[in-house]
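# Residue-level structure breakdown
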Amino acid sequence: MKRQTALFFFLIILSSIVYGQDKNIENLKTEDKKRLRFGYYLGLNSVGAKMEYLPTASGQSFRLLVKPKASFDVGLLADVRINEFLNIRFHPGVAFVEREIKFPFSEESLSKPLIERIVKSNYVRFPLGIKLNTRRIRNARPFIMGSMSYNINITSEETNPEDNTSGTFRMRRNMYAWEFAIGTDVYLPYFKFTPSIHGIFALNNELVPDNDPDSPFTHYIATMKSRGVFLRFTFE
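### Focus on the overall build of the protein chain
- In terms of helices and strands, the protein chain carries two helices and nine strands.
- The order of helices and strands in the protein chain, counted from the N terminus, is α-β-β-β-β-α-β-β-β-β-β.
- Going through the 236 residues of the protein chain one by one, you find that 45% of them count as buried.
- Per element, the accessible surface of the protein chain, about 12500 Å² overall, is 61% carbon and sulfur.

### Quick look at a nonpolar patch on the surface
- A grouping of I130, L132, I144, M148, Y176, W178, F180, I182 and L203 is seen on the molecular surface, where their side chains present a nonpolar patch of about 820 Å² in accessible area.
- Looking at the nonpolar patch, the elements with two or more residues in it are β5 (116-133), β6 (140-153) and β7 (174-187).
- Looking at the secondary structure, you find I182 in strand β7.

### Focus on the pattern of salt bridges
- Enumeration over the complete set of coordinates arrives at 14 salt bridges.
- Ionic pairing is found between D79 and R37, a salt bridge with its closest N-O pair at 3.5 Å. Of this pair, D79 sits in strand β2 (residues 65-83) while R37 sits in strand β1 (residues 36-53); the two residues are 42 residues apart in sequence, bridging distant segments of the chain. Accessibility classification places D79 together with R37 in one group, the buried group.
- In this structure, the salt-bridge partner of E236 is K192, at a minimum N-O distance of 3.9 Å.

### A short note on the packing of aromatic side chains
- Enumeration according to the criterion identifies 15 aromatic pairs in this entry.
- For the ring pair F105 and F217, a centre distance of 5.5 Å and an interplane angle of 90° mean the geometry is edge-to-face. With F105 in the loop between β4 (93-102) and α2 (112-115) and F217 in the loop between β8 (192-202) and β9 (221-235), the pair connects residues that are 112 residues apart, well separated along the chain.
- Among the residues examined, F105 registers a relative accessible area of 23% and is labelled partly exposed.
- The class of F217 is buried, set by a relative accessible area of 3%.
- Ring geometry for F191 versus F235: centroids 6.0 Å apart, planes at 45°, classification tilted. Taken together, the positions of F191 in the loop between β7 and β8 and F235 in strand β9 put the pair 44 residues apart, joining distant regions of the chain.
- Residue F191 is classed as partly exposed on the basis of its relative accessible area of 33%.
- Grouping aromatic residues by their ring pairs yields a cluster made of Y53, F62, F103, F105, F169, F217 and Y220.
- K131 extends its terminal NZ or CZ atom over the ring of F143, reaching a point 4.7 Å from the ring centre.

### Considerations on the nonpolar core
- The biggest cluster of nonpolar side chains holds 23 residues, and the ones touching the most others in it are L64, I101, F103 and F169.
- Sorting the residues of this core by element identifies β1, β4, β5, β7, β8 and β9 as the ones contributing at least two each.
- Leave out the neighbours within four places in its chain, and F169 touches L64, I101, F103, R117, V119, S156, E157, N164, L207 and M224.
- Listed in part, the five residues of the second largest apolar core include V186, F193, L231 and F233.

### Side note on the pairing of β4
- Burial along β4 is one-sided: G93, A95, V97, R99 and I101 are buried, while V94, F96, E98, E100 and K102, pointing the other way, are not.
- Bridge count between β2 and β4: nine bridges; the pairing is antiparallel. Bridged to F72 within β4 is F96.
- Of the strand pairs in this sheet, β4 and β5 are connected by 10 bridges, and their pairing is antiparallel. Paired with I101 across the bridge in β5 is R117.

### Re unusual backbone geometry
- The phi torsion at R138 lies on the positive side, around 55°, for a residue other than glycine.
- Structurally, R138 can be placed in the loop between β5 and β6.
- Non-glycine residue E157 carries a positive phi angle of around 65°.
- Mapped onto the elements, E157 comes out in the loop between β6 and β7.

Reading guide: rules and limits
Residues numbered from 1 in each chain as written. Predicted model: local features only at pLDDT ≥ 70, side-chain atom pairs only at ≥ 80, totals over all residues. Heavy atoms only, no water. Helix = DSSP H or I, 4+ residues; strand = E, 2+ residues; numbered from the N terminus. Buried < 20%, exposed > 50% of the residue type's maximum accessible area, 1.4 Å probe, protein only. Areas by Shrake-Rupley, 256 points an atom, 1.4 Å probe, with all protein chains shown as cover. Patch = residues over 30% accessible without salt bridge, like charges linked within 9 Å, V, L, I, M, F, W, Y side chains within 5 Å. Salt bridge = Lys/Arg side-chain N within 4 Å of Asp/Glu carboxyl O. Phe/Tyr/Trp six-rings, centres within 6.5 Å; stacked < 30°, edge-to-face > 60°. Lys NZ or Arg CZ within 6 Å of the ring centre and 35° of its normal. Core = buried A, V, L, I, M, F, W, Y, C linked by side-chain atoms within 4.5 Å. Contact = heavy atoms within 4.5 Å. Pairing = 2+ DSSP bridges.

Printed below as a string of structure tokens:
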């Protein structure tokens, strides 16, 4: 539901900007001819996880509830023009991610702080992407972009000797992902404004198992891979 809401607001913002401009004036006519451009971005994110599980001895399913919570990200960009329709874009940044984790246990067997927690992950991100542009339509230019990224979770707790039995949910420090984005460059009188929506899909398992191989918290979890949506506003 949050993803549909983000897309709805993205389309509203985009249409209001594009159609609110004077169609007879073409802004920043030579902007796209620059070989190298720089900018920055601000954004919102909602990141959950794709979970895969192992079969249990009893035959009952084990399911960990991972609920994404809205947060934000910031970053910079460097854009290299290859030709009229192709750009290489490096867009590093920092994403502050929050997830609500709930284990499938009753409060009669374990205390509530062990069952329900807020897990915060601060990712330092290094995505490199290929941006494919359409032809410019007055003061707008839609695009799609695919990226590969290396992400460092600086709050991962990977090396922490405490685990879920002490209330510490541990994740891998390194995360690799592929990303897909759609958006539109909007040419304003003094700068280029780009609203875009991004999907991120982790490629590696981010879960660090508990110290005890038979831990009830992680024994039946095969993999945990981040999945999320980013709503981003870029200024160049």
